[in-house]
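Coordinate analysis (summary)
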Amino acid sequence: MKIEIRNDSVKLEGYVNAVERFSRQIPSIRGKFIEQIVPKTFERALSKGNDVELRFNHRPDRVLGSMKQGNLTLYEDNIGLRAQCIVTDQEVIELAKKAELRGWSFGFVATKDRWEDGDGIQKRYIEDMDLLEVSLLSVTPAYVGTSVESRNGETYIIESRNEEFNATVEDLTEQIKEDREEPKPIDYSLIEQEIEYFKLKQRGC
């Protein structure tokens, strides 16, 4: 995870989840299991055109933006779901400065999955989903969470999966301040070269 801190915003970039990689053991009413996201599942979810919110700690009252608002970009590559976002929320900026952001998480509804038995533990493969939101976390990720919610008159099981990250924090606030106070000197040699170029061009050289 790369974090760039500016005067009034923070830019974050990194992987929300890696595909084709088994999770830690997840508890459930049917016993513990491990799971992985099948490649292209995130890509198919994003191609549905549904908006995906950017939240803080999964809280619906702490929406930091969304794909449609333009400050969140999501795409799947050969590693997994990658996110880029710009956040202007002051609490998130302060946590980023203190290196207290703990991880990414995403909330989804599984619309197609496949189960296998083996090695004494069940394996779940998620093949299709509705991606609802991604979250920045200030708490230690527990990887799994579920809730039952009503959407459009139907009941859904909303699942969340968390991913810890090691952040590389770059504070650009002082550099930005210096750039504003000390404008870079104009390189007149480049201007002179451009003038000579246009003179030669006008002469037909």
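Read on for a plain summary of the structure. (Residues numbered from 1 in each chain as written. Predicted model: local features only at pLDDT ≥ 70, side-chain atom pairs only at ≥ 80, totals over all residues. Heavy atoms only, no water.)

Section: the pattern of salt bridges
Any two side chains of opposite charge can pair, so long as their charged atoms come close to each other. Convention followed: Note on definitions: salt bridges are taken to be side-chain nitrogens of Lys or Arg within 4 Å of carboxyl oxygens of Asp or Glu. Starting at the N terminus, helices and strands are each numbered in turn, a helix being any DSSP run of H or I of at least four residues and a strand any DSSP run of E of at least two. Categorising residues by exposure relies on relative accessible area from a 1.4 Å probe, with only protein chains included: less than 20% of the type maximum marks a residue as buried, more than 50% marks it as exposed, and the intermediate range marks it as partly exposed.
Counted according to the given criterion, the structure contains 20 salt bridges. Between aspartate 128 and lysine 48 there is a salt bridge, and its shortest N-O distance comes to 3.4 Å. Of the two residues, aspartate 128 is situated in strand β9 (residues 121-137) and lysine 48 in the loop between α1 (41-47) and β4 (53-56); the sequence distance between them amounts to 80 residues. The buried category is assigned to aspartate 128, whose relative accessible area is 18%. The closest approach of N and O atoms between glutamate 127 and arginine 114, which form a salt bridge, is 2.9 Å. In this pair, glutamate 127 is assigned in strand β9 and arginine 114 in strand β8 (residues 103-118), connecting sequence segments 13 residues apart. The class of arginine 114 is partly exposed, set by a relative accessible area of 33%. Each member of the salt-bridge network shares a partner with another, and the members are Glu35, Asp113, Arg124, Glu159 and Arg161.

Here we look at the pairing of β8
In plain terms, the rule: Pairing between strands requires that DSSP locate at least two bridges from one strand to the other.
In the sheet, β8 pairs with β9 via 15 bridges, with the strands oriented antiparallel. Considered in β9, the bridge of lysine 112 is made with aspartate 128. The antiparallel hairpin formed by β8 and β9 contains 2 residues in its connecting segment, where aspartate 119 sits at a positive phi of about 55°. Pairing of β8 with strand β11 (residues 154-164), which is carried by 6 bridges, proceeds in the antiparallel orientation.

Considerations on the packing of aromatic side chains
Test applied: What counts as a ring pair is set by centres within 6.5 Å for rings of Phe, Tyr and Trp (its six-membered ring), and what kind of pair is set by the plane angle: stacked under 30 degrees, edge-to-face over 60, tilted for all other angles. Whether a charge lies above a ring is judged from NZ of Lys or CZ of Arg, which has to be within 6 Å of the ring centre and within 35 degrees of the ring normal.
Within the structure shown, the criterion is met by 4 aromatic pairs. Ring geometry for phenylalanine 33 versus tryptophan 115: centroids 5.0 Å apart, planes at 65°, classification edge-to-face. With a gap of 82 residues between them, phenylalanine 33 in strand β3 (residues 33-37) and tryptophan 115 in strand β8 connect regions that are remote in the sequence. Given a relative accessible area of 27%, tryptophan 115 falls into the partly exposed group. Each residue in the set Phe42, Phe106 and Phe108 is aromatic and connected to the rest through ring pairs, giving one cluster. The cationic tip of arginine 82 hangs over the ring face of tyrosine 15; the distance from NZ or CZ to the ring centre is 4.7 Å. Positioned over the ring face of tyrosine 125 is arginine 114, at 4.3 Å from the centre of the ring.

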